[in-house]
Amino acid sequence: MNILDKIMKPRSIAVVGASTKQHTIGSDIMKRLREYGYAGPVYPVNPKGGVIEGLPAYATVLDIPGEVDLAVIIVNARFVLQTIDQCHEKGIKGLCVISAGFKETGTEGARLEAELLERVRRYGMRCVGPNCLGVVNTHPAVRMDACFAEALPERGNIGFVSQSGALGGGILNILRDLNLGFAQFISIGNQADVNAETALEYWEGDKDVRQILLYMESIQNPVNFRRIASRLSKKKPVLALKAGRSAAGASAASSHTGSLAGADLAADALLRQSGVIREFSLKNLFATAKVFANCPIPKGDRVAIVTNSGGPGIMGTDAICEKGMKMAELTDETKAKLRSFLPAAASVRNPVDMIASAPIEHYRQTLETVLADPNVDMVITIYLPFLGLKDTDVARAIMEIKAAHPEKPVVGVFMTKSEFFTAFSAADVNVPFFMYVEEAVEGLARLNEQRLWIERPEGVLPDFKVDGERARNIIRTALADGRDQLTTRESIDVLDAYGVRVCRAGFAADEDAAVAVADRIGYPVVMKMTSKTTSHKTDVGGVRVNIGSAEALRAEYRDLVAKLDERGLLDGLEGVIIQEMVNGSREMVCGIATDPQYGPMLMFGLGGVFVEVMKDVAFRIAPVTDTDARDMVRSVKAYKLLQGARGTTPADIAKVEETLLRLSQLVTDLPFIDELDINPLMISEKTGEPIAVDGRIKVRRCEAESALA
């Protein structure tokens with residue numbers, strides 16, 4: 001038995017803080033447990049005793065005569081710890097602490113919450129909260145509503161986790177209005193113990209929960225979340241509304257829950273790598289949930305449209321193509337059958353336009369015919385009110401056909417009065433209905449996204465043969481010199497040690513040595529200063545390109561020295577790096593940035609001077625698999641450039657992906673690397689291979705010194 005069953009499927013409940021005072025949480029929880037028909041015994045606990053909701057009240061949980069699985073605690077925060085002690089003595093293993101006054105209030109509250117968690121772990125308990133709305137399980141064998149949301153819950157297939165109690169209650173109310181029921185609800189609040197990952201893992205094997213909704217302001221343990229969510233999302237869809245996207249929003253999230261909100265780029269990358277479908281508004285979250293609640297995962301991305309008006313059909317076609325799906329090519333047999341009963345003015349190509357005079361029987365026949373076509377994976381049925389045809393009658397006909405053909409997704413678009421949607425908000429529906437065709441297409445796109453994730457290979461973490469000790473020694477040298485910033489020369493040597501293709505190059509400490517290196521490499525060459533005090537070389541004219549001769553090199557070297565001397569930067573000059581001149585018009589960027597919560601992130605995209613202007617980049621949390629690397633490269637708009645646009649040599653995509661994987665291994669082996677930039681990663685016009693022509697590495701000094709001691 002999973003110990004969380006003590007909370008979500010309890011055989012008996014004690015309400016500690018039950019009250020007879022109307023419109024208090026202690027009173028409302030008792031009423032809701034009774035009104036919703038909780039199957040087991042409920043024990044109100046109040047030091048005054050008496051009778052609450054027709055049940056005898058006990059002074060403490062120790063006075064309860066029977067065994068108790070779950071204690072719902074609603075007492076003042078300063079009494080919570082002693083209550084937990086009493087629950088332990090009673091043998092209660094499940095806690096739901098609704099009481100506020102913990103880390104969300106500041107330092108003293110955080111101390112109190114730390115003591116709460118210490119007791120919970122020492123006693124072998126599990127705890128939802130504190131500072132939460134409560135828990136719900138709508139299964140007929142349980143029927144537990146131990147929360148204080150406004151409306152009683154509706155039965156459905158959604159597992160819902162909310163970090164915000166009040167918002168969670170609002171969402172429960174809205175789901176009811178949208179005719180979306182749920183199976184279980186957990187308001188995690190401050191998530192001292194039970195958090196989103198706990199709920200995901202608990203619901204992984206629960207057949208009653210068929211899709212999961214998350215409202216999150218922070219992700220406590222990104223590594224654990226990724227491990228659980230990436231496995232679970234292969235079995236059932238996980239939808240997340242992650243708040244705190246902006247800097248101001250992140251700050252608000254921190255003050256609201258007492259949790260630090262990580263950078264949104266990192267959160268987005270984590271959710272993407274975990275197969276979690278991220279929504280950016282409650283409206284979209286509900287719309288997607290409605291589709292998953294009523295539709296199977298499609299076999300492919302081919303969509304057919306059945307409509308009684310050409311305009312919305314064309315708009316739907318545009319939206320389908322924009323979402324990367326395909327308009328289904330109907331078979332000749334399907335077209336012939338459609339012609340047999342549709343009027344001559346109708347179009348039997350996709351989108352199928354039955355014209356405005358289409359009676360309800362045409363809706364039935366057309367939808368059944370299109371669904372039977374083997375080239376069709378999903379169907380959108382559009383209705384506009386014409387000639388007295390009732391929208392509700394058409395909707396019921398569509399639902400009847402859907403019931404007979406449950407294997408393919410069917411979505412309805414009814415551009416009619418709002419009363420239509422109100423009428424079906426309490427009905428037993430099996431088709432998601434939308435007002436606008438773009439909303440329907442968005443829903444099908446989410447279904448297709450889930451299909452692609454399920455079909456996506458798991459991916460592997462390759463283990464390249466590298467010279468790790470050489471890289472560590474280079475960093476040790478910098479640390480011994482009192483630096484956390486590696487020079488250009490050191491950075492390139494670390495990349496070379498990990499097998500990243502770098503320019504043929506050599507270091508020179510003076511003018512004559514620079515000429516000797518260039519003579520050996522062959523002209524034209526690039527000269528780059530390497531300094532212990534200046535990391536951004538281009539800002540001070542420290543990069544000279546396309547140097548075609550020894551004489552030109554000498555002139556550039558002398559000019560560089562003079563410019564640095566003018567700025568007072570000459571003392572930091574270590575020397576220059578002479579590199580082969582790589583000819584190529586495509587400059588990419590890849591690198592590593594460290595988020596304090598999510599850890600190292602890999603970046604890839606359009607580089608050079610465009611990286612901060614165009615921001616055509618993709619991020620993933622390290623370590624990345626070969627599948628992650630493949631997705632990163634193909635997700636940026638600049639991928640078309642890599643494929644060989646306008647006659648350029650196609651890039652060696654496999655080598656580009658390998659570069660990302662080697663960087664992932666580098667930061668996994670040396671986790672104290674704080675920043676790493678390869679900009680540009682030049683695509684050779686001659687061979688198509690990616691070549692690191694510049695590098696910059698910064699480490700977290702104390703962490704690096706400890707690791708390399």
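The protein is annotated in an unreviewed UniProt entry as Acetyl coenzyme A synthetase (ADP forming), alpha domain-containing protein from Sutterella wadsworthensis 2_1_59BFAA.

1. Here we look at helix α10 (residues 282–294)
Taking 1.5 Å of rise per residue, the 13 residues of α10 would be expected to cover 18 Å, and the 19 Å separating its terminal C-alpha atoms lies within 8% of that figure. Those residues of α10 not exposed but buried are Leu 285, Phe 286, Thr 288, Ala 289, Lys 290, Val 291, Phe 292, Ala 293 and Asn 294.

2. Remarks on the confidence of the model for the protein
With 96% of its residues at a pLDDT of 70 or more, the protein shows a mean pLDDT of 92. Overall, residues 248–262 carries pLDDT values under 50, and its contacts beyond four positions in sequence, including any with other chains, amount to 29 contacts.

3. A few points about the packing of helix α6 (residues 196–203) against helix α7 (residues 222–232)
Here α6 crosses α7 at 30°, and the two axes come no closer than 9 Å. Classified by the angle between their axes, α6 and α7 sit roughly parallel to one another. You can see that α6 and α7 cross each other, and the crossing is left-handed. Side by side, α6 and α7 meet where Glu 197, Leu 200 and Glu 201 of the first sit next to Asn 224, Phe 225, Arg 227, Ile 228, Ala 229, Arg 231 and Leu 232 of the second. Of the residues contributing to the contact of α6 with α7, the split by class is five nonpolar, one polar and four charged.

4. Describing the UniProt feature "domain: CoA-binding" (unreviewed entry) in the protein
In this structure's numbering, the residues bearing the UniProt feature "domain: CoA-binding" (unreviewed entry) are residues 7–102. Here residues 7–102 is 25% helix and 21% strand, with 21 Å between the C-alpha atoms at its ends.

5. Some words on the packing of aromatic side chains
Going through the model one piece at a time under the given rule, you end up with nine aromatic pairs. Between the aromatic rings of Tyr 43 and Tyr 58, the centroid separation amounts to 6.2 Å while the plane-to-plane angle is 65°, which identifies the pairing as edge-to-face. Pair noted here: Tyr 43 is in strand β2 (residues 42–45) and Tyr 58 is in the loop between β4 (55–56) and β5 (70–73), with a separation of 15 residues, a long-range link. With relative accessibility at 18%, the residue Tyr 58 sits in the buried group. Ring centres of Phe 420 and Phe 433 lie 5.5 Å apart, and the angle between their planes is 85°; this geometry places the pair in the edge-to-face category. Taken together, the residues Phe 420 in helix α15 (residues 418–423) and Phe 433 in strand β20 (residues 433–434) connect sequence positions 13 residues apart. This pair shows no difference in class: Phe 420 is buried, exactly as Phe 433 is.

Criteria and thresholds
- Along each chain, numbering runs from 1 in the same order as the chain's sequence is written.
- Where totals are concerned, whole chains, interfaces and linings use all residues; where local detail is concerned, this predicted model gives features only for residues with pLDDT of at least 70, and gives and counts side-chain atom pairs only at 80 or more.
- Hydrogens and waters are ignored; side-chain quantities use all the structure's heavy atoms.
- Helix and strand definitions follow DSSP, with helices as H or I runs of at least four residues and strands as E runs of at least two, each counted in order from the N terminus.
- A helix is expected to reach a length of 1.5 Å times the quantity of its residues less one.
- Burial classes follow relative accessibility: with a 1.4 Å probe on protein chains only, a residue under 20% of its type's maximum area counts as buried, one over 50% as exposed, and anything between as partly exposed.
- By definition, pLDDT measures how confident the predictor is in each residue, and it falls between 0 and 100.
- We call two residues in contact when some of their heavy atoms are within 4.5 Å.
- Axis angles are defined between N-to-C directions and span 0 to 180 degrees, where every axis is a line fitted to C-alpha atoms and, for a helix, only to the segment in contact.
- Roughly parallel means an angle under 35 degrees; roughly antiparallel, over 145; roughly perpendicular, 65 to 115; everything else is oblique.
- Crossing handedness is defined as follows: a turn of the near helix away from the far one that is anticlockwise and smaller than a right angle gives a left-handed crossing, while the clockwise case is right-handed.
- Residue polarity is assigned by list, with Asp, Glu, Lys and Arg as charged and Ala, Val, Leu, Ile, Met, Phe, Trp, Tyr, Cys and Pro as nonpolar; anything else, Gly included, falls into the polar class.
- UniProt positions are given in the numbering used here, feature names are shortened, and annotations may be inferred rather than shown by experiment.
- Stacked, tilted and edge-to-face are the three classes applied to pairs of Phe, Tyr and Trp rings, where Trp contributes its six-membered ring and a pair requires centres within 6.5 Å; stacked means planes under 30 degrees apart, edge-to-face means over 60, and tilted covers the rest.

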